[in-house]
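# Structural description and commentary
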Amino acid sequence: MSLSTEAVLALAPDDASAKAAKGLLAPAKWPTLAYSDDAVWGECQGSGSKPYQAQVDLTGPVFRCSCPSRKFPCKHGLALMLLRAQSEASFTAGTPPPWVADWLASRREKAEKKEARAAEPAAAPDPAAAAKRDAQRWKRIDTGVQELARWLDDQTQRGLASLGSEQQQAWGSMAARMVDAQAPGLGQRITQAAELIGAGEGWPARLLDRLGRLQLIVDAVPRRDTLSAATLADLRTALGWPQDRDALLVDGERISDQWLVLGQCTDERDSKLVERHVWLQGRASGRRALLLDYSHGGRGFETAWISGSERAAVLCFYPGHASQRALLAEQLADAPAASAGSAQDTSDEWQRMAQQIAANPWQPLLPMVWAEAVPARHGDQWWLRLDAAPQALPMQLATQEAWQLMAHSGGAPLRVFGEWDGEQFAPLTAWASGAAVGSAPVWALAGVRT
Amino acid sequence: MSHWNTLLQTALVGTARQPVPAAEGMAGEFGGLLQAIQGGEAQGQLLRAAGAVAIGRRAGFVAPGLSPSDAPVAAADERPVLKEPALQAAIADALASGPLRLQHEGLAALTAAGLRLPHNLLPTALDAGRRAIDVRSAVIPALGERGLWLAAHNDDWRYAVGASEQADAQTRWDEGSLEQRRAVLAEQRRSEPAAARERLAAELPQLPAKERAALLGALAENIGPDDEALLDAQLKDRARDVRQVAGELLQRLPASAHVQRIEAFLAPLLLQAGGAWQMNAPEAADPRWKDDAIDPARPTHESLGERAWWLYQLVRQTPLAWWTARTGMTPAALLGWATKSDWKDALFRGWNEAILAVSDVDWCDAMLDHHHTQYSQRAWVGQLLALLPRERRERHWLIELGLAGSGVQNVIAFADQACAPGETPSAELSLQLAAALRTRVERGDLANDYVLRQVLGNAAALLHASALHLLAGLPRTAEESPGLASALSDTARIVRARQLFSSLLPQSTSSSQGRP
């Protein structure tokens, strides 16, 4: 696997790390630069007497370095991969030295142990205790939801036109109460709705849309006994009730496939908390999947995903209707036999979207791939013109990124992947129109969105 | 979905004042669902219906229609794109955070190698040109067809919008950017000066002031008596910049009516009394001055007094040769004489500007020699140095540098100002400067000398490429302060980027001439 400069820079946990890495690019700073099939490693002369040992397990890529930095990957790891991207000839092929080989071996061992653990029957949890915990949580949610229902009714009785910025604080405390009631998903929806008050033209319609959908969750809670298991799972997700990962790895729906990385983005949530979306599509199954990860304090993410690359893996999907969210259960050495069917048929994105929403109306984001899309600017708004039709999606993208996408298009169509939130399309990756599946994108969203 | 709008109306007013609207006219399963909601619990009814409709709208979303685009698609590029990843990264880095000189060098090297910028660097390059006018001359030729197409879509990049670079001269004149039009005019001035003048004269009345001044300046190429009429007319232009350009150009035509008039104003003020020349200033403003772009009103913040202000304007517009012819003194002698005059400031400032306007090398040398002994006018030194051909310029720098290299900071600052982007001091001087800097760094001067840190980065971007090895691999220590560490690593990045850029160039083109 070989990464481009842009792909490596996209892995940097922040701009400072990227800049520091660029300062280490002279091959003279690296007494050792080498690679094997699975790994790249190098020794970087720092200010101390002993050089830092940086290494990358290419199956991830996963980085490791002997330097004391808490950033992940650190500047040495990034610089190592940048050098590899920019002057491959500086590297020699070789057998990993012990400090690399031992780490690779321990990583393989850990992966095997994890697999073995997953295969074992889970230690029998105490069903009575679990049921009691669930019942307690439902009780608190019931109380919170009753309060929220009354509060929502209050808002509609007084009318949305009377809302102004002075109400935002009250909405914030309502959101906090939902977190106290162990339904953080509701709190998040209230916070997002509060941000709409007075924001831009037509905000009352957008606010009504949000509050209406919030009401449907509120309505579902007291009726939960009548819901199917899958709908109940969707409801729990909407309430922000986290899944137990170990249980999920045992019970979840598993799909083994060759997964194409459609695109990814990182968003700053609260200060220092970064949320990463990685969107995948199975080559044989056609199934789309979302890997959702979090990182604190600019540390970055352990395993990197390269947009446009493919990886054979078993994914374990969260329960629910039309579930997108999944966990990486197992990486496979060999790709499963590819089916004849192509997963790249994008003619029916609208149909796919309608089915997804019908199956689970609480799904906040939907992935979309447009085979022939032209980015365009009209007035103050960016648009994505679709398939040569007069139709276009309003596009949400930082100005600098949007101009880059324009530069790659030149007015001609691109294949564009992105997230649709029901109002705006946020592009994450673009390929030349007609580029082969698994080829490197011409553009990918970089950096952390705030 | 009109039901949505009626729901929205009620939501805005509030259900306390307006009832929840009935789901009339809605057919099928969805209509039934809304009816059922209507029949259910009263609390939350409005939002429940709105939620159902919102989900329906979402599932059945129809993207808005956009009028079909008739904007042209970007033309195909004939020039190959820069592919080398290390060079791409170095140019990206320079554009994002490097000094202007480095940006210029990277882009110029790429263009000289017959390449163009990759698509992903176009917005950054166009932004760099938006921020710094000096880098535009390197940005525009590196853009290629795709970049020109992109610039046309953003008002901030209007400066780069132009005709296709593959178009003929007439099209580039008719549709080109200011840079392109200036290039067309300058090129034509070399072969057909009269035709170029006519081309400009036909266009001048429609142009904004900034473009009038810029294009008028192109007449400096091959200037002759035939240009007098057009230039004379521009002395009455509304814009001060245009008047000044016209005045400066007319100075190069000593037989012109303008020059004759100015000399006639000045002559009675310079008198010989008792064997010595005596300078006077005008006693009162002359109404005839307005034909020669002389401003009787002294600007508010002008440091000269009123009479000195008048004299200065006359001196600025008088050909330098008039002084030597009239007094029989050499430029050096005149400078010595002027230091004793009451009107010293007006004379020096006027001469300095006249030297810059007509690039008189002998006067320039004399003025610089004078400045070596008179440190009062240092602000001019850099600009004057910029005028000289390199060998004559560097003679002054060597004096400044001193045997012990103690003047290295000043010389680099002067050279920075004197060398246009794309130019370097000579290889010999560069080696001396780099060696002097390296000695200071190895001696540990960087630890406390904040100016030296700045100078180090400037030197890395400025000096001739053959001297860069002396600035590579500067000694690092474990206990560097963050400021020192960042100065050293910035320097290392600049040196590395320039070494990469020079790999693009054929080795013979790296020498440079004096500023044009």
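All values derive from a computational prediction rather than experimental measurement. (Residues numbered from 1 in each chain as written. Chains lettered and ligands numbered in written order. Predicted model: local features only at pLDDT ≥ 70, side-chain atom pairs only at ≥ 80, totals over all residues. Heavy atoms only, no water.)

So, on to the overall build of chain B. Across its full length, chain B holds 26 helices and two strands. Here the C-alpha radius of gyration of chain B, 33 Å, is well above what a compact globule of 516 residues would show, namely 24 Å. Structurally, chain B occupies a C-alpha span of about 115 × 65 × 50 Å along its principal axes. Contacts spanning at least 24 positions in sequence make up 65% of the contacts within chain B whose residues lie at least 6 apart. Carbon and sulfur atoms form 53% of the exposed surface of chain B, whose accessible area is close to 23200 Å². Between the mean site of the 51 positive side-chain charges and the mean site of the 59 negative ones, chain B shows a separation of 3 Å. (Helix = DSSP H or I, 4+ residues; strand = E, 2+ residues; numbered from the N terminus. Rg over C-alpha atoms; globule rule 2.2 N^0.38 Å. Contact = heavy atoms within 4.5 Å. Areas by Shrake-Rupley, 256 points an atom, 1.4 Å probe, with all protein chains shown as cover. Lys, Arg positive; Asp, Glu negative; His and termini not counted. Charge placed at Lys NZ, Arg CZ, Asp CG, Glu CD.)

This next bit is on the overall build of chain A. Within chain A, the secondary structure is distributed over twelve helices and 17 strands. Against the compact-globule benchmark of 22 Å for 450 residues, chain A has a radius of gyration of 24 Å, which places it among compact chains. In chain A, which comprises 450 residues, the share counted as buried stands at 48%. In chain A, of all internal contacts separated by at least 6 residues, the share reaching a separation of at least 24 is 60%. Counting only carbon and sulfur atoms, one obtains 51% of the accessible surface of chain A, whose full area is about 20500 Å². (Buried < 20%, exposed > 50% of the residue type's maximum accessible area, 1.4 Å probe, protein only.)

All names here are of chain A. Where strand S11 (residues 366–378) lies against strand S14 (residues 414–420), six bridges are found, and the strand directions are antiparallel. Paired with Leu366 across the two strands is Trp420, which belongs to S14. Sheet analysis places S11 next to strand S12 (residues 381–386), joined by six bridges and oriented antiparallel. Counted as the bridge partner of Pro375 is Leu384 from S12. (Pairing = 2+ DSSP bridges.)

In this section: the sheet that holds strand S2 (residues 39–44) of chain A. Residue and element names in this part refer to chain A. What the five strands build is an open sheet, ordered S4-S3-S2-S1-S5; its pairing is mixed. In this open sheet, the two strands that pair with only one neighbour each are strand S4 (62–65) and strand S5 (92–93). Sheet topology places strand S3 (residues 52–57) next to S4; four bridges connect them, and they run antiparallel. In the sheet register, Gln55 faces S4, and the bridge partner there is Arg64. Strands strand S1 (32–35), S2, S3 and S4 of the sheet are contacted by helix H3 (residues 75–86), whose axis makes an angle of about 65 degrees with S3. (Axes fitted to C-alpha atoms, helices over the stretch in contact; angles between N-to-C directions.)

On to the nonpolar core. Among the nonpolar cores identified, the biggest contains 151 residues, and Met279, Trp323, Trp337 and Trp351 of chain B are the most heavily contacted of them. Judged by nonpolar contacts, the second largest core, of 48 residues, contains Ala183, Ala193 and Trp362 of chain A together with Leu47 of chain B. (Core = buried A, V, L, I, M, F, W, Y, C linked by side-chain atoms within 4.5 Å.)

With 94% of its residues at a pLDDT of 70 or more, chain A shows a mean pLDDT of 88. The low-confidence segment residues 340–344 of chain A (pLDDT under 50) makes nine contacts with residues lying over four places distant or belonging to another chain. (pLDDT = per-residue confidence, 0-100.)

Residue and element names in this part refer to chain B. Over its 16 residues, helix H24 (residues 427–442) extends 22 Å from the first C-alpha to the last, a length consistent with the 22 Å expected when each residue adds 1.5 Å. If you check which residues of H24 are buried, you get Leu429, Ser430, Leu433, Ala434, Ala436, Leu437, Arg438, Arg440 and Val441. Looking at the buried side of H24, the elements it contacts are helix H22 (390–401), helix H23 (408–418) and helix H25 (450–462). A positive backbone phi angle near 90 degrees is found at Gly444, which sits one or two residues after H24. (Expected span 1.5 Å × (residues − 1).)

Contacts between chain B and chain A engage 56 residues on the former and 57 residues on the latter. Of the roughly 4900 Å² buried where chain B meets chain A, counting both sides, 62% is carbon and sulfur surface. Note that Asp93 of chain B is salt-bridged to Lys22 of chain A, the shortest N-O span being 3.1 Å. Across the contact surface, chain B and chain A share 20 residue pairs in polar contact (both at pLDDT 80 or more). When residues of the side of chain B that touches chain A are traced back to their parent elements, those giving at least two are helix H1 (2–13), helix H3 (45–59), helix H4 (85–97), helix H6 (122–131), helix H8 (144–151) and helix H26 (482–502) of chain B. (Buried area = accessible area lost by both parts, 1.4 Å probe. Salt bridge = Lys/Arg side-chain N within 4 Å of Asp/Glu carboxyl O. Polar contact = N/O pair within 3.5 Å; in protein donor to acceptor, adjacent residues only side chain to side chain.)

What follows deals with the pattern of salt bridges. All names here are of chain A. In this structure the tally under the stated criterion is 46 salt bridges over all chains. The salt bridge partner of Arg107 is Asp57, with a shortest N-O separation of 2.9 Å. Of this pair, Arg107 sits in helix H4 (residues 98–119) while Asp57 sits in strand S3, placing them 50 residues apart in sequence. On the basis of relative accessible area, Asp57 is assigned to the buried category, the value being 0%. Residues Asp142 and Arg224 are paired through a salt bridge, measuring 3.1 Å at the closest nitrogen-oxygen approach. Of the two residues, Asp142 is situated in helix H5 (residues 127–158) and Arg224 in the loop between helix H8 (203–220) and helix H9 (229–239); the sequence distance between them amounts to 82 residues.

For Glu353 of chain B, the location among the structural elements is in helix H19 (residues 344–358). Once you skip the residues sitting within four places of it in the chain, Glu353 of chain B turns out to touch Gln244, Tyr312, Arg316 and Trp380 of chain B.

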